[in-house]
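Residues per chain, in single letters:
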Amino acid sequence: MASVTLSSTPQADGFSMPAEWQPHKQTWMIWPERTDNWRLGAKLAQNAFCNVAKAIAEFEPVTIGVSARQYENAAAHLAEYPAIRIVEISNNDAWMRDTGPTFVRNAAGKVRGIDWVFNAWGGLQGGLYFPWDQDDLVARKVLQIEGIDRYRADIILEGGAIHVDGEGTLLTTEYCLLNSNRNPELTKEQIEERMREYLGIEKVLWLPRGIVDDETDEHIDNVACFIAPGEVLLAWTDDSSDPQYAHSVAALEYLSQQTDAQGRPIKVHKLPVPGPLYMTAEEAAGVDPIDATQPRREGNRLAGSYINFLFCNGGIVMPAFDDPMDSVAKEIIQSLCPDHRVIQVPGREILLGGGNIHCITQQQPIDNWLSKTA
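Here is a short report on the structure shown in this document.

About the criteria used
- Residues numbered from 1 in each chain as written.
- Predicted model: local features only at pLDDT ≥ 70, side-chain atom pairs only at ≥ 80, totals over all residues.
- Heavy atoms only, no water.
- Helix = DSSP H or I, 4+ residues; strand = E, 2+ residues; numbered from the N terminus.
- Rg over C-alpha atoms; globule rule 2.2 N^0.38 Å.
- Contact = heavy atoms within 4.5 Å.
- Areas by Shrake-Rupley, 256 points an atom, 1.4 Å probe, with all protein chains shown as cover.
- Lys, Arg positive; Asp, Glu negative; His and termini not counted.
- Charge placed at Lys NZ, Arg CZ, Asp CG, Glu CD.
- Phe/Tyr/Trp six-rings, centres within 6.5 Å; stacked < 30°, edge-to-face > 60°.
- Buried < 20%, exposed > 50% of the residue type's maximum accessible area, 1.4 Å probe, protein only.
- Lys NZ or Arg CZ within 6 Å of the ring centre and 35° of its normal.
- Pairing = 2+ DSSP bridges.
- Axes fitted to C-alpha atoms, helices over the stretch in contact; angles between N-to-C directions.
- Right-handed = clockwise from strand over helix to strand, strands pointing away.

**Observations concerning the overall build of the protein**
Stage number 1. From N to C terminus, the protein includes 12 helices and 19 strands.
Stage number 2. The C-alpha atoms of the protein give a radius of gyration of 19 Å, which matches the 21 Å a tight globule of 374 residues would have.
Stage number 3. In terms of overall dimensions, the protein has a C-alpha envelope of 55 × 50 × 45 Å along the principal axes.
Stage number 4. Long-range pairs, those at least 24 residues apart, make up 75% of the contacts in the protein between residues at least 6 apart in sequence.
Stage number 5. Summing over all exposed atoms, the protein offers an accessible surface of approximately 14400 Å²; the carbon and sulfur share of this is 49%.
Stage number 6. For the protein, the distance from the average site of its 31 positive side-chain charges to the average site of its 52 negative ones is 4 Å.

Shown next, in the form of structure tokens:
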């Protein structure tokens, strides 16, 4: 089935973004290889990504996009895992959440995809690398592989900047979506309207800030997420001397005064942050030096957060950082999501590249319409 590029919008066609905990057909990833972002020739990152893919594959299929030059290497790493498919997709880096499509679905269960404009988190005004041309093609290629119709958005946006409850409410951060390096010609109200048009949501909740030193301009998926309609999990620290404290307190105060699209008060659950965590001299030395806006240097604070997890079919895959808070965070998430089996996977190598498990994955919902028409 061919992928058609549509001239309408999802909202006009009756499509909206489902919650992440709704059933998936599969999860998508991209194979890491940039030696100016991933240390020691990206070998440690590749092992980390493999461990994430294997954990997800316990619950649902995984497809990994791999460049031609890395295809044989990835295939050798994953040869014994039939639930993990490898396809050739050129890319600039490995952040499928941000470069892949955001999937939407209608009441009949038909799935389509949104292809956002991608500019590497800021373009020439603070973006993390140049060029990003291959990354901006990833979403279209995923949709072509799957034969899913495509909406090409007219707004710069990354998948990690949004999180929805599936019932009309969207979470984001002002620091990211209102940043002048994304859509400076659009007002806050115009950005909200675009998200209504493309995601079928009714209400936007704007947290002021995200995780300190998050080089994505503080994506929402590192600081807060829905775990159920009306319930938000928020990254938290009780250390008032930590700059993250002010960010988290401001978010809590804001959410405590809000209702969702259905009129429900927002119930906030606190999830401790690890650390603080910092890049070591050895870790920084393993990265090829470039003239980057976010150079890898000893002492850089890492944007560590347990919020950066993925819902799977009956499971949750979350990062661990060899930190005392690892077990605490896992227990909290498991208690709040008793119908999901929580698996922790080492996340530091992914964090060194600038994100974590949610950032490197993109869930594809089940297309129920296909079964109904078969």
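**Things to note about the packing of aromatic side chains**
Stage number 1. By the definition in use, this model includes 10 aromatic pairs.
Stage number 2. Summarising the aromatic geometry, the rings of Phe118 and Trp121 are spaced 5.0 Å apart at their centres and angled 90° between planes, so their arrangement reads as edge-to-face. Considered together, Phe118 and Trp121 belong to a single accessibility category, that of buried residues.
Stage number 3. Ring centres of Phe309 and Phe311 lie 5.5 Å apart, and the angle between their planes is 70°; this geometry places the pair in the edge-to-face category. Exposure class is identical for Phe309 and Phe311. Each is buried.
Stage number 4. An aromatic cluster is defined as three or more aromatic residues linked by ring pairs; in this entry it consists of Trp21, Phe309 and Phe311.
Stage number 5. Against the face of Tyr129 rests Arg34, its NZ or CZ located 4.5 Å from the ring centre.
Stage number 6. If you follow Lys270 out to its NZ or CZ, it ends over the ring of Trp236, 4.1 Å from the centre.

**Overview of the sheet that holds strand 19 (residues 362-365)**
Stage number 1. One open sheet holds the 4 strands; their spatial order is 4-3-2-19, and the pairing between them is mixed. The strands lining the two open edges of the sheet, one partner per strand, are strand 4 (84-88) and strand 19. For this sheet the average axis-to-axis angle between neighbouring strands, irrespective of direction, equals 25°.
Stage number 2. In terms of strand pairing, strand 2 (residues 24-30) meets strand 19 through 4 bridges, oriented antiparallel. Note that in strand 19 the partner of Gln26 across the bridge is Gln364.
Stage number 3. The strands touched by helix 2 (residues 43-56) are strand 2, strand 3 (62-66) and strand 4; relative to strand 2, the strand with the most contacts, the crossing angle is about 175°.
Stage number 4. Relative to the sheet, helix 3 (residues 71-78) contacts strand 3 and strand 4, its axis offset from that of strand 4 by approximately 175°.

**Some remarks on unusual backbone geometry**
Stage number 1. Phe130 connects to Pro131 through a cis peptide bond whose omega is 0°.
Stage number 2. In this structure, Pro131 sits in the loop between strand 6 (111-117) and helix 5 (135-146).
Stage number 3. Cis geometry is found at the peptide bond from Gly275 to Pro276, where omega equals 10°.
Stage number 4. Inspection of the secondary structure assignment puts Pro276 in the loop between strand 13 (267-272) and strand 14 (277-278).
Stage number 5. Of note in this structure, Ala120 is not a glycine but carries a positive phi near 60°.

**Some words on the sheet that holds strand 1 (residues 5-6)**
Stage number 1. Read across the open sheet, the 4 strands follow the order 1-7-6-5; overall the sheet is mixed. Each having just a single partner strand, strand 1 and strand 5 (102-105) make up the two edges of the open sheet.
Stage number 2. Relative to strand 7 (residues 150-156), strand 6 runs parallel, the two being bridged by 4 bridges. Of the residues in strand 7, the one forming a bridge with Val117 is Ile156.
Stage number 3. Contacts from helix 5 reach strand 5, strand 6 and strand 7, with the element oriented near 165° to strand 6.

**Considerations on the pairing of strand 6**
Stage number 1. Along strand 6, 6 of the 7 residues are buried, which leaves the element largely enclosed by surrounding structure.
Stage number 2. Alignment of strand 5 against strand 6, held across 4 bridges, turns out to be antiparallel. Across the sheet, the residue bridging to Phe103 is Gly113, located in strand 6.
Stage number 3. Between strand 5 and strand 6, which pair antiparallel in sequence order, lie 5 residues; one of them, Gly109, sits at a positive phi of approximately 90°.
Stage number 4. Regarding topology, helix 5 serves as the crossover connection from strand 6 to the parallel strand 7, and that connection is right-handed.

Scope: geometric values only; no functional claims are made or implied.
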